[in-house]
Amino acid sequence: MADEALSAGAVARRLGVAVTTLRTWHQRYGLGPSEHVPGHHRRYTPADLARLEIMRRLTAQGVTPAEAARWARRAPDAVPGDAAVPPRVRAVAGRDGGGSTIPVGRAGPAARGLARAAMRLDPVAIGETIARALEANGVIATWEGLLRPVLFGIGERHAATGGLIEVEHLMSRSVSEAFAVVARAAAPAGPARIVLSCADEEQHTLPLEALAAALAEAGVGYRMLGARMPLPALLEAVNRTGPAAVVIWSHTRATADPAQLNALLAAPRRPLLVLAAGPGWLADSLPAGVVRPVDLTEAVSLALALRDSLDQASAD
C-alpha cells in the first residue's frame, strides 16, 4: 500500500464503496481522514485506509456497521486481515461466506442489502428480498432496479479479480427460481404466441427468464426454449408451432450471428415479429425487418402490441 495520503474519491475507488458511504462512516462512527493541511481537504492516511478496509470487509460479511466500526477503531495500526479481527467476529464472517463488497452504483438500499446477502451466500435472504420486490414492484422494476445492478456488480468484481463465481451461481439460481414462481403463478390461459430462445451457443439465460416472467405477468403466452439453441432446432420449433414472434437473446458478440436472424426471416412459417435482444447484437448488422428492443420494457411493450393486434384481428 502506498504511503501517500489519499482523497475521499481515491479511497472510495480502492474500497469499492461510494464517497457518501465514507462520509457516513466518518459522521456516525468516527472513521474519517486524519491528515489535515491548512487550506486543504482532509486526506486519508494509510492507517485510515487500513481501518476502513476492516470496516468494509466486516460489513460485507454481515457484521453490523456499529460493531465493525468498534473493531476498526481498536486497530489503529492494523493492516486489513484476520489478525485485526476478533475470533468471534471472524466466526460470524466465516459462517456467512465473507468476501469483498459488490458495487451496485446508484441503486438503492434494497440492492445494497441484496448484494450483502449474496456475499454472505445467504439463499434465504436473497430469495426473500427478491420475492418482496416482485410482489411490491413487479418483474420489470425488480429486474431494472434491483437485480441488474447486483448481477452487473458481481460481473465487475469477477472481471477484476477472477473470483465470486460461487456468488454468481447462487444469485443466478435464486433469480431463476424467483422468476419461475412468477411464471407459474401468472401463466396465461391464451395461446403461446411468442418463442423465447437463446442464440446458438449462448448460455446467459437470466435476461430471457426475466422477459418470460414479465410476459407471464402481462398475460402474454410464450414458449421458452432456453440456452444454446442450435439453429436447426429453433427453425423446427418455429415451423411446428407457428409463433407470431420469436425473441433471440445474445449476450456476447461471439453468439450474435445474423445468419440466425436471416434463417428465421426465410422460414416457411415466418413469424410476424423477430426480436434480436441483448448486447451481443449490433444494430447495423441486423437484417431488415428485425427489431432490436433497447430494454425489457420495450420488449414487453412490443409483445403486448402484437397480442392486442392479433386479438383485434380475430375479433373482426
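What counts and how
- Residues numbered from 1 in each chain as written.
- Predicted model: local features only at pLDDT ≥ 70, side-chain atom pairs only at ≥ 80, totals over all residues.
- Heavy atoms only, no water.
- Helix = DSSP H or I, 4+ residues; strand = E, 2+ residues; numbered from the N terminus.
- Buried < 20%, exposed > 50% of the residue type's maximum accessible area, 1.4 Å probe, protein only.
- Polar contact = N/O pair within 3.5 Å; in protein donor to acceptor, adjacent residues only side chain to side chain.
- Contact = heavy atoms within 4.5 Å.
- Axes fitted to C-alpha atoms, helices over the stretch in contact; angles between N-to-C directions.
- Parallel < 35°, antiparallel > 145°, perpendicular 65-115°, else oblique.
- Left-handed = near helix turned anticlockwise from the far one by under 90°.
- Nonpolar A, V, L, I, M, F, W, Y, C, P; charged D, E, K, R; others polar.
- Pairing = 2+ DSSP bridges.
- Right-handed = clockwise from strand over helix to strand, strands pointing away.

Draft legend 1. Molecular detail of the side chain of T142. Its place among the elements puts T142 in helix α7 (residues 123-161). Judged by its relative accessible area of 1%, T142 falls in the buried class. Among the polar contacts listed, one links the side chain of T142 to the backbone oxygen of G138, at a separation of 2.7 Å. The contact partners of T142, leaving out residues within four places of it in the chain, are A133, L134, N137 and L147.

Draft legend 2. Representation of the packing of helix α9 (residues 206-218) against helix α12 (residues 296-315). Across the interface, α9 lies against α12 with an axial gap of 10 Å and an inter-helix angle of 45 degrees. Accordingly, the angle class assigned to the pair α9 and α12 is oblique. Between α9 and α12 lies a crossing whose hand is right-handed. Residues A210, L211, A214, L215 and A218 of α9 touch α12, and the partners they reach there are L296, A299, V300, A303, L304 and R307. Each residue belonging to the contact of α9 with α12 can be placed in one class, and the counts come to 10 nonpolar, no polar and one charged.

Draft legend 3. How the structure looks around the environment of R184. Within the secondary structure, R184 is located in helix α8 (residues 165-185). According to the relative accessible area criterion, R184 is exposed, its value standing at 60%. In sequence terms R184 and E217 are 33 residues apart; their C-alpha atoms lie 9.7 Å from each other.

Draft legend 4. Representation of the pairing of strand β3 (residues 245-249). Summarising burial for β3: five of the five residues are buried, a large majority. Every second residue of β3 is oriented toward a common face, with A245, V247 and W249 on one face and V246 and I248 on the other, all of them buried. When β3 meets strand β4 (residues 273-277), the two strands line up parallel, connected through five bridges. Bridge pairing links V247 to L275 in β4. With helix α11 (residues 258-265) bridging β3 and the parallel β4, this β-α-β connection has right-handed handedness.

Draft legend 5. Representation of the sheet that holds strand β2 (residues 221-226) within the structure. Strand order in the open sheet formed by five strands is β2-β1-β3-β4-β5, and the pairing between neighbours is parallel. Edge strands, defined here as strands with exactly one partner in the open sheet, are β2 and β5 (290-291). Relative to β3, strand β1 (residues 192-198) runs parallel, the two being bridged by five bridges. Note on β3: the bridge partner recorded for I194 is A245.

Draft legend 6. Structural context of unusual backbone geometry. The phi torsion at E201 lies on the positive side, around 75 degrees, for a residue other than glycine. Tracing the backbone shows E201 in the loop between β1 and α9. Look at E201 and you get partly exposed, because its relative accessible area is 46%. Phi at R228 takes a positive value of approximately 50 degrees, unusual for a residue other than glycine.

In short, the description is geometric, and any link to function would need to be established separately.
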